[in-house]
Amino acid sequence: MLLLLGGAMSGPGPGTTAAAAAPGGASGPIASGQGPATPLPSPGGARGVLFKWTNYIKGYQRRWFVLSNGLLSYYRSKAEMRHTCRGTINLATANITVEDSCNFIISNGGAQTYHLKASSEVERQRWVTALELAKAKAVKMLAESDESGDEESVSQTDKTELQNTLRTLSSKVEDLSTCNDLIAKHGTALQRSLSELETLKLPAESNEKIKQVNERATLFRITSNAMINACRDFLMLAQTHSKKWQKSLQYERDQRIRLEETLEQLAKQHNHLERAFRGVTVLPSNAPGNMDSSKDRCCSSKGDMSDEDDDNEFFDAPEIITMPESLDTKKEKRTRIPHKPNYSLNLWSIMKNCIGKELSKIPMPVNFNEPLSMLQRLTEDLEYHDLLDRAAKCESSLEQLCYVAAFTVSSYSTTVFRTSKPFNPLLGETFELDRLEENGYRSICEQVSHHPPAAAHHADSKHGWTLRQEIKITSKFRGKYLSIMPLGTIHCIFHATGNHYTWKKVTTTVHNIIVGKLWIDQSGEIEILNHKTSEKCILKFVPYSYFSRDVARKVTGEVLDSSGKVHFMLLGTWDEKMDCFKVISTVENGGDSRQRAHEAEDSRVILWKRNPLPKNAENMYYFSELALTLNAPESGTAPTDSRLRPDQRLMENGRWDEANAEKQRLEEKQRISRKKREAEAMKATEDGTPYDPYKALWFERKKDPDTKEVAHVYRGGYWESKEKQDWSMCPDIF
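Residues numbered from 1 in each chain as written. Predicted model: local features only at pLDDT ≥ 70, side-chain atom pairs only at ≥ 80, totals over all residues. Heavy atoms only, no water.

1. Some remarks on the overall build of the chain
Within the chain, the regular secondary structure consists of 15 helices and 27 strands. Among the 734 residues that make up the chain, the fraction classed as buried is 44%. Intrachain contacts of the chain at a sequence separation of at least 6 include 58% that bridge at least 24 residues. Only carbon and sulfur atoms are counted for the fraction: they give 54% of the accessible area of the chain, which is about 39,000 Å². (Helix = DSSP H or I, 4+ residues; strand = E, 2+ residues; numbered from the N terminus. Buried < 20%, exposed > 50% of the residue type's maximum accessible area, 1.4 Å probe, protein only. Contact = heavy atoms within 4.5 Å. Areas by Shrake-Rupley, 256 points an atom, 1.4 Å probe, with all protein chains shown as cover.)

Structure (structure tokens):
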């Protein structure tokens, strides 16, 4: 009921300006003449009064906003700045949209969306300009912090280290002072000796040489004195500023400790309240409508009352699937895996040290994983391969583009409930999926780089298409949410026509990392380009917003020809289905030709619809039918195949403690191999001998003639090696 009420009173809806949405138009303080002051400049930002939309009852309310260091914060009044901040939004990941002359919206693609109103168009423009400048600066700082992701955070011994450094500097300056005294002493003696030489009766040429040496000795003494004085000045400056540094470090350390304690206490209180609430309102597992609808399930995950401990419910685990029992055959695929064990873990104790860091560089226990590697997750893109089969049969390239777009959206449908992290592949790890007999395609993946982590993927189909990609996954933990940014281009080539399509993936955001039920959102824009015809499709993944009345996970799209004319409209959600409507041209009374989507039911084409999840999927990491088969052992695969990874196999069988120990062993083995390669490279550099850096086994770097990008492309040979069972070239990584 609370969720339904919240959705009905969420704020200005699509196509409605914030002013019009408020009861009675411009109501509240604006109507009463309490206009906001012009935003005042402040160091690194601005501050002033804006009117913020609250709800349909109160409308817009006067608030004091402060823009500083890429963060926009607001307070009920200027006086409240001293003690209570009502909300803060990070501009580095925010979108700034102008609605009309006075209204604008700031949204970070998650639960934070501010509908704001200025008193005039001039004031609105001043704020938007200041916000855009602050956003650009914040994005630049974020990029710089990404480059320094390996740097350690400030340790508790900084103060001691600083004092030790100052003592060392002081000691060195004393040594230099002693040397200076010796130089002065010996320099004076040298000059005295040279002066005595000048009094002797020597040839004129010798006197000239002695005079030059005397002058140089004097210059040397002057230079030494200047060096010592400069060192003394440096030491005094360091001692003066060290107190300020120590004070700043101590303040930041105290602030961090207070924040950690507050968040940890909040998480505990939230857990306690949820358990108390569930103890009163728990429904039986077979109650009608209980977790039956995927829509209802996801909506509850986004609400304020989330069932965080659903995963802690105990299930009887079936017997462990052993290796001989699971050997996959061409005809039968496994339909279940051991149920996820009930292991509790303090998430905050681990994640509090990960804020702002690259998550792939932080060792994590398998408790946060699912028993699949990133290579297997990448292969899951092929779950709806039939869309590419149908696209290959299309005579029209525009219709073909519609199916390619649907395939692009379908790859996100497996992520809607998949909040666990896949295993990071080891360097040289591979994964094959041979479905040539059943589905007409086969696929090979290889981890081609470790830092940054990058995987190359190649799939061929006898139905006339090739799919290839190299994806680098970057992720950042921001305290309340985790952003996952896939970098790289996906290529799809159709053999009969030569149509070459490329696109990139959108950003995935995992919300409620600390408090509440985890839920996933996709946001951003995808451009699918046909390099042969210049036709393209623009897909927009609409981020979830509490203020929006749109359906959750909405995706819209337009298919355009090379001239920019729209031929098809796409509409759907990335977790359910995608529909296609043909756009027709109509002539109005005035003679103008306009385009509109033909919304007649007979023109609608369902391009794609998600397959239902298997029975008991909630106990099996929400795996799809394809995902359940990916880690099933197969004979004849390469020794580097993900199915043979021991820590992943132990985790799937519910032996998590052993899996954690095995994971540490594998990571240490990989670390030793990396150090060995680095030592060999350094020795080769010192000796001046050539050294070949690490190269992928089944992929090689090539420049694409259409995109001009350099990426790993399948070089061939894997399936031939499998047929011969010759894996002698494979590295020992497990």
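2. Side note on the pattern of salt bridges
Counted by the stated rule, this structure contains 34 salt bridges. When the shortest N-O distance is used, the salt bridge between Glu634 and Arg643 registers 3.5 Å. Pair check on accessibility: Glu634 and Arg643 agree, each one buried. Taking the shortest distance from any N to any O, the salt bridge between Arg671 and Glu668 comes out at 2.5 Å. Here the residue Arg671 and the residue Glu668 both occupy positions in helix H14 (residues 656–687), the gap between them amounting to three residues, near one helical turn. Residue class for Arg671 comes out partly exposed when judged on its relative accessible area of 33%. In this structure, a network of salt bridges that share partners links the residues Glu370, Arg377, Glu380 and Arg418. (Salt bridge = Lys/Arg side-chain N within 4 Å of Asp/Glu carboxyl O.)

3. Some remarks on the confidence of the model for the chain
Per-residue pLDDT for the chain has a mean of 78; in total, 76% of the residues score no lower than 70. Considering only residues more than four positions removed or in separate chains, one finds that residues 1–36, a stretch of pLDDT under 50, has 69 contacts. Segment residues 147–156: pLDDT under 50, and nine contacts once partners within four positions in sequence are set aside and those in other chains are kept. (pLDDT = per-residue confidence, 0-100.)

4. Focus on the environment of Asn180
Looking at where Asn180 falls in the secondary structure, it is placed in helix H4 (residues 158–199). Through-space distance from the C-alpha of Asn180 to that of Ile228 is 7.1 Å; in sequence the pair is 48 residues apart. If we skip the residues at most four places from it in the chain, Asn180 touches Ser224, Asn225 and Ile228.

5. Here's the deal with helix H11 (residues 397–410)
Every α-helix carries 3.6 residues per turn, so stepping three or four residues along brings you back to the same face. In a regular helix each residue adds 1.5 Å, so 14 residues correspond to 20 Å; H11 covers 20 Å between its end C-alpha atoms and thus fits that length. Judged by how many residues are buried, H11 sits mostly within the fold: 13 of 14 residues are covered. Among the residues of H11, the N-terminal cap falls to Ser396, whose side-chain oxygen and the backbone nitrogen of Leu398 are separated by 3.3 Å. (Expected span 1.5 Å × (residues − 1). Polar contact = N/O pair within 3.5 Å; in protein donor to acceptor, adjacent residues only side chain to side chain.)

6. Some points on the environment of Val551
Structurally, Val551 can be placed in the loop between strand S20 (536–541) and strand S21 (554–560). A relative accessible area of 45% places Val551 in the partly exposed class. When the C-alpha atoms of Val551 and Gly572 are compared, they prove to be 9.2 Å apart, with 21 residues separating the residues in sequence.

7. Here we look at the side chain of Asp641
Here Asp641 lies in the loop between helix H12 (625–630) and helix H13 (646–652). Other than its neighbours up to four places away in sequence, Asp641 contacts Thr430, Phe431, Glu432 and Phe734.

8. So, the nonpolar core
Ranked by size, the top nonpolar core spans 65 residues in total, and within it Leu467, Trp503, Ile528, Leu539, Phe541 and Leu570 carry the most contacts. The dominant element in this core, judged by the number of residues it contributes, is H11, at nine residues. The contacts of Trp503, once residues within four sequence positions are left out, are Val404, Phe407, Thr408, Leu467, Gly488, Thr489, Ile490, Cys492, Ile526, Glu527 and Ile528. (Core = buried A, V, L, I, M, F, W, Y, C linked by side-chain atoms within 4.5 Å.)

9. Here we look at unusual backbone geometry
For Asn69, which is not glycine, the phi torsion reads 55° and is therefore positive. Positive phi, normally seen in glycine, also occurs at Tyr621, with a value near 65°. Within the secondary structure, Tyr621 is located in the loop between strand S25 (605–609) and H12. We classify Tyr621 as buried; its relative accessible area is 6%.

10. As for the packing of aromatic side chains
The final tally for this structure, using the stated rule, is 14 aromatic pairs. Judged by centre distance (5.8 Å) and plane angle (85°), the ring pair of Phe494 and Tyr501 falls under edge-to-face. Grouping residues by exposure puts Phe494 and Tyr501 together as buried. Three or more aromatic residues joined by ring pairs make a cluster, and in this case those are Trp698, Tyr718, Trp719 and Trp727. Across the ring face of Tyr412, the terminal group of Lys505 is positioned such that the distance to the ring centre comes to 5.3 Å. Seen from the ring of Trp574, Arg553 lies directly overhead, with NZ or CZ sitting 5.9 Å from the centre. (Phe/Tyr/Trp six-rings, centres within 6.5 Å; stacked < 30°, edge-to-face > 60°. Lys NZ or Arg CZ within 6 Å of the ring centre and 35° of its normal.)

11. What about the side chain of Asn530?
Tracing the sequence through the fold places Asn530 in strand S19 (residues 519–530). Using a relative accessible area of 0% as the deciding quantity, one classes Asn530 as buried. One polar contact links the side chain of Asn530 to the main-chain amide nitrogen of Lys532, over a distance of 3.0 Å. Asn530 has contacts with Ser397, Asn499, His500, Tyr501 and Glu535, leaving out every residue within four places of it along the chain.

12. Quick word on H14
Between its first and last C-alpha, H14 extends 46 Å over 32 residues, near the 46 Å set by a 1.5 Å rise per residue. The set of residues buried in H14 consists of Trp656, Ala659, Asn660, Glu662, Lys663, Leu666, Gln670 and Ala684. Lining the buried residues of H14 we find strand S10 (421–423) and H13. Of the residues one or two after H14, Gly688 is the one with positive phi, at around 75°.

13. Some details on the pairing of strand S4 (residues 71–75)
Along S4, four of the five residues are buried, which leaves the element largely enclosed by surrounding structure. The antiparallel pairing of strand S3 (residues 59–68) with S4 creates a hairpin that spans two residues between the two strands, and Asn69 there sits at a positive phi of about 55°. Relative to strand S5 (residues 87–90), S4 is paired through four bridges, and the arrangement is antiparallel. From the neighbouring strand, Ser73 faces S5, where its bridge partner is Thr88. (Pairing = 2+ DSSP bridges.)

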